[in-house]
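Breakdown of the fold
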Amino acid sequence: MGIFVFKDTRVLVQGITGSEGTFWTEWMLKAGTRIEAGVTPGKAGERVHGVPVYGSVKKAVKEKGCEASVLFVPPAFCKDAVFEALDAGIRKLVLLADGVPIQDMLEMKAFASEVGAMIVGPNTSGVATLGEAMLGFVPFWLGHVYRPGSVGIMTRSGSLTNEIASHIVKAGLGQTTVVGLGGDPVPGTRFVDVMRLFQADPKTEAVVLVGEPGGTMEEEAAELIAKGEFTKPMVAFLAGRTAPPEKKMGHAGAIISGGKGTIQGKTEALESVGVKVAMKPSEVGSMVKALLG
Amino acid sequence: MGIFVFKDTRVLVQGITGSEGTFWTEWMLKAGTRIEAGVTPGKAGERVHGVPVYGSVKKAVKEKGCEASVLFVPPAFCKDAVFEALDAGIRKLVLLADGVPIQDMLEMKAFASEVGAMIVGPNTSGVATLGEAMLGFVPFWLGHVYRPGSVGIMTRSGSLTNEIASHIVKAGLGQTTVVGLGGDPVPGTRFVDVMRLFQADPKTEAVVLVGEPGGTMEEEAAELIAKGEFTKPMVAFLAGRTAPPEKKMGHAGAIISGGKGTIQGKTEALESVGVKVAMKPSEVGSMVKALLG
Amino acid sequence: MKLYEYQGKELFKRAGIPVPQGILAKDEDGARAAVAQMGLPVVAKAQVLAGKRGKAGLIRFCHSQDEAVECVTQWIGRRHGGETITSVLLEKPLDIQKEMYLSVTIDPAAGMPVLVACGEGGMEIEEIASQKPEAIVRQPVNIFRGLRPYQIRDTVSEMGLSGEQARSVSQVMASLYGLFRSLDAELVEINPLVLERDGKLVAGDAKVRIDDNSLFRQKEFKRGPEQFEDELEYEAAENGLSYVKLDGNIGVLCTGAGLTMTTLDLIHMNGGRAANFMEFGGATYTRSATALRIALKNPQVKVLLIVTFGLVARADVIAEGLVKAIQELKPELPIVAAVRGTNEERARELIRSIGIPTYDDTEEAVRRAVELAKE
Amino acid sequence: MKLYEYQGKELFKRAGIPVPQGILAKDEDGARAAVAQMGLPVVAKAQVLAGKRGKAGLIRFCHSQDEAVECVTQWIGRRHGGETITSVLLEKPLDIQKEMYLSVTIDPAAGMPVLVACGEGGMEIEEIASQKPEAIVRQPVNIFRGLRPYQIRDTVSEMGLSGEQARSVSQVMASLYGLFRSLDAELVEINPLVLERDGKLVAGDAKVRIDDNSLFRQKEFKRGPEQFEDELEYEAAENGLSYVKLDGNIGVLCTGAGLTMTTLDLIHMNGGRAANFMEFGGATYTRSATALRIALKNPQVKVLLIVTFGLVARADVIAEGLVKAIQELKPELPIVAAVRGTNEERARELIRSIGIPTYDDTEEAVRRAVELAKE
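Right, let's walk through the structure included here. (Residues numbered from 1 in each chain as written. Chains lettered and ligands numbered in written order. Predicted model: local features only at pLDDT ≥ 70, side-chain atom pairs only at ≥ 80, totals over all residues. Heavy atoms only, no water.)

The helix and strand tally for chain C stands at 12 helices and 17 strands. Its C-alpha atoms put chain C at 75 × 50 × 40 Å along the principal axes. Considering chain C as a whole, with its 375 residues, one finds that 56% of them fall into the buried category. When the accessible surface of chain C is split by element, carbon and sulfur atoms take 48% of a total near 15500 Å². (Helix = DSSP H or I, 4+ residues; strand = E, 2+ residues; numbered from the N terminus. Buried < 20%, exposed > 50% of the residue type's maximum accessible area, 1.4 Å probe, protein only. Areas by Shrake-Rupley, 256 points an atom, 1.4 Å probe, with all protein chains shown as cover.)

As structure tokens, then:
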């Protein structure tokens, strides 16, 4: 099991004929991902690593029943591609692009929430359910970093996640699903959304949260635990303890965040609800192991 | 019982301090309607026939828990008033205004369908559940026209509905709920929507459809019956058998309607699924009576 | 309200949709000047709001200045579908390679704007729609999100277009949708959308219909008498009344469109012929008086039939208005009335007090009116 | 990117939001001309992107032309928060009756635009927010439906305004939201929004921040060096790199913001001090080379620490780029590397081949770098 994407999830690759799309399609297939179709306007009829290419998402969904889409689409065109996918009935999306205009993201979020869809990203390395499927570019092939197991990872970072994941493996454990929320200020999916899924997944026994300064996602995670809606053991690692304070969006930013966002505040919030906060990446593995007894 | 509005439905009157709003609030109260609050921006604190007036729908909903709203608002401001009501959580609306811009109505429909709300109207005389509540200006006080009973009425007309209703009473029957869909080309609620409600209402034993030329609402009603989703006895009266053909919206109108819209076509569609179509208003009462055995 | 072709093309031009070079002529001088400026040949197109202008011979290819002048001078003043022609559009002819169809309108059942397109287009679009429905592409649009690039892409591809043609049709679609929204239109239609031999795309015609309910904010447009088939219809509309002249002799005054149509149906079933459709709200004295005055202006009317079943308006209020108007206008013809609703007893008294028979039943009143009309 | 006050006010003016009369001066002549044109007194406001300008004495009330000239000539060229002042805005002073606060920004948790308003406003808005939070009105906006009249009405009423004040603040709100959308802004802020004694409403200041990711379509704005606290930051940004100069001596090159911050944290925990934050994607040779070059430009750097854990980029590709750059630049300082990810064995070989020690473990590499920096 795991969450979000499974070996039988029928996946669409938007932008499959681009160089990135083509390159990562091969790796995603190797991860076991059931890629049923690709879409690139004007390239209908082609094939990429054996995957048939359609000119529109609607056609791909109609013919192949795709349920999830991973988008290798340049930032300027993400909004259109996401709208197209949502309009065609896709309800799980992984948006990899770095550089998506933030107001486009607001529109995508609004549309997704209207129809009850989940957008992971943008600016993420994607999602991998180890041993089942991978959407994006999580390096599942590094055996000393990723392997099937019982720990769910949700993260705002890319490379750091590999570092953390490698310590989980070093501790003799493995992962269920790794979800990269992405580094943008308005991610499509937040920690709390992923926690609800991990809570419901019987195979995930513990969850590792990889956080950063800024925003309120870590504080929301703590609130969800406080409300009793997430009850599994959790270890957090927060990068940026010594980072200079975030450049704020005028007074409005401070008003909106209500003073949240510092690593100190996040650490306190998480610890107050029983989350173990690691000070170094190398501590994460042993802390999880200890929690799982 | 009946449908849509009941004696315990907490009702809001938007535009309550206007002359129409004030006049009809008194009648609606007389009909038994549980009017909890009124709204007119800038008139918070006033009272109309004892009903407290708020400055915003949000406040009225918060303080009085209103679930339904009837709008005595000029056409130019209906969109804003409906958005305000939907945003505040109201899910049943009766839009009385005649002259609402059609694209405003498209926006209202889109918002309503996003949140699962029902807008009856515009350009309607409203909704009355006899003996329980009335939203709009259905003349429930005319005892030889309206009285509690077992027949649901759904109609595109105003005065004609009184004529038809009077023949139902003449036949010794009465009505559950009378729903005026309104005379505009894009009504917020269609025959099929009302039929689903009547189907679920145990007190409604038969339904009378009052139709007109143009549009496809009568044809959709026939389709719903054909699909087995509406199974109660139905009598239809269609006005405009001798009316000159509708002025079409260019070729596009014909393409969109697919040639539907004539009284002849509507009659055939309804009769083909067992609906009795009356030729004169005076026949409706006896036809319903015959169907109810 | 409908706009003339030349008005629609003016709007198209502003929105960046290419239109043929053209000049509006209103008289002989105008026609000569237009030809002098544009050169020959030209196409003369009478500016009318009703359809079927081609079949009526009101579009003509002119090889000489005299021919153009002839069209203008002969057409102007002529009647077509109830309206009088007042201007002729002279245009450079198009070098047609292919005709397509494009419109944005409202799908009432879905309650959404819809883009309708066809790669084949031309005059017979309705025929294509019924015989080859798969050639017609319908793209419903979420009004909040607007017409999106992927929808345009899908539509153009379903029209069978690619490359430069696809690109230029896409641009026209986006502009057309923008016009639809900004004009509060019920319809914006290009039929045909012409692809010329040199690859250029041009709107061959322009049909624009603005939502009457939006005229309070669409201040550019004013509804004039040319929008109506009859002067009386215009006068009625200006007074908030809905009037359509028919060819019978029973003048009809009713409340509500449904009751009015039913009354007309009943007249027909009883062997009579109505002189008009007339719906009056009846909320005020003035309205019923105005309605009466307009109905009586039709010289065909032999009998007046009044049928109301008050809703917003009280029956006695309507009756008072009618009585006042009748006393003032003193019509010299029989009147039959069925006035029902709140306070109908007093209404009946009032009407009877000036010697007009009243009925409780619409069908009875209609029968009596038909009898009187036959006398 | 942030805009200067004068740019923001120019945009406000275009959007119909009233701003004080003002002239931008860049030198003595400019200052004299401005005063000559506007009369006295004037307020001189240094144009800087950083905040706290008032506390730094960079806003001054000038009663004479000489005072204004003094501000302009003394301020220009001065440094404030990492930037050099290049212009001063001279404005007619406002006759303040009341100060309010108004902004449109993004609520990241809700993923929605939000209108933030306060009827009390002024300099201490953040203080109000923490001490009297009920005075701050937040109005989330559905981005498809936009800021609706009823939301403006509610906000203005919660601000405690009515009558003419309510009307004019409403107009400013609608315009401000329009600006927010059309500019792809992260923030448009008026603080203070001044109500003058004669009842006129004027934007006392203007803070506008455009989303960098939207600059490809917001062609009016170009990011220049003034947007960065340091020349190197600008150079890095122009090369798609994220660089922040810090005050330590360990130069850092990492992939990913999270790993970079973690490396900085580890350096700190081990008693060292980083010379910079530097995140390079590492997808191409050039990027790692450029990153290296920029990091070495800081003369404080005594040790270079490279930490990567390849994601999109293969470790060997990153290593190749680094090796090439090191061979070319020949830096005369110790380098420590922890390069992991796909093909890390080959990466390690490559790096070792030029005599640089590599580590498997980030924490070990950091410890070694800190040791070297202390030598």
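Attention now goes to the packing of aromatic side chains. Residue and element names in this part refer to chain A. Applying the stated rule across the entire model yields 24 aromatic pairs over all chains. Both rings, one in Trp-27 and one in Trp-141, keep their centres 4.0 Å apart while their planes meet at 35°; by these two values the pair is tilted. Note that Trp-27 is positioned in helix 1 (residues 19-30) and Trp-141 in the loop between strand 9 (133-136) and strand 10 (148-155), a separation of 114 residues in sequence. Residue classification places Trp-141 among the partly exposed residues on the basis of a relative accessible area of 23%. We note Lys-30 situated over the ring of Trp-27; from NZ or CZ to the ring centre the distance is 4.4 Å. Across the ring face of Phe-4, the terminal group of Lys-92 is positioned such that the distance to the ring centre comes to 5.6 Å. (Phe/Tyr/Trp six-rings, centres within 6.5 Å; stacked < 30°, edge-to-face > 60°. Lys NZ or Arg CZ within 6 Å of the ring centre and 35° of its normal.)

Counted by the stated rule, this structure contains 80 salt bridges over all chains. With a shortest N-O distance of 4.0 Å, Asp316(C) and Arg346(C) are connected by a salt bridge. Here Arg346(C) lies in helix 11 (residues 344-353) and Asp316(C) lies in helix 10 (residues 315-329), a separation of 30 residues in the sequence. Using a relative accessible area of 4% as the deciding quantity, one classes Asp316(C) as buried. Asp95(D) serves as the salt-bridge partner of Arg197(D), at 3.1 Å between the closest nitrogen and oxygen. With Arg197(D) in the loop between strand 10 (185-196) and strand 11 (201-203) and Asp95(D) in the loop between strand 6 (88-91) and strand 7 (96-107), this residue pair connects regions lying 102 residues apart in the sequence. Residue classification places Asp95(D) among the partly exposed positions, given a relative accessible area of 39%. Each of Glu5(C), Lys9(C), Lys45(C), Arg53(C), Glu91(C) and Asp205(C) takes part in salt bridges that share partners, so that together they form one network. (Salt bridge = Lys/Arg side-chain N within 4 Å of Asp/Glu carboxyl O.)

Before going further, it helps to spend a moment on the interface of chain B and chain C. Across the contact, 61 residues belong to chain B and 61 residues belong to chain C. Note on chain B versus chain C: buried area summed over both sides is about 4800 Å², and carbon and sulfur give 61% of it. The tally of links between chain B and chain C comes to 4 salt bridges. In this structure, the salt-bridge partner of Arg217(C) is Asp104(B), at a minimum N-O distance of 2.7 Å. Connecting chain B to chain C are 19 residue pairs in polar contact (both at pLDDT 80 or more). Taken together, the elements giving at least two residues each to the side of chain B that touches chain C come down to helix 1 (19-30), helix 4 (102-115), helix 5 (159-170), strand 13 (234-238), helix 8 (250-257) and helix 10 (281-291) of chain B. Considering each element in turn, the side of chain B that touches chain C owes the most residues, 9 residues, to helix 4 of chain B. Here the side of chain B that touches chain C is composed, by residue class, of 30 nonpolar, 16 polar and 15 charged. (Contact = heavy atoms within 4.5 Å. Buried area = accessible area lost by both parts, 1.4 Å probe. Polar contact = N/O pair within 3.5 Å; in protein donor to acceptor, adjacent residues only side chain to side chain. Nonpolar A, V, L, I, M, F, W, Y, C, P; charged D, E, K, R; others polar.)

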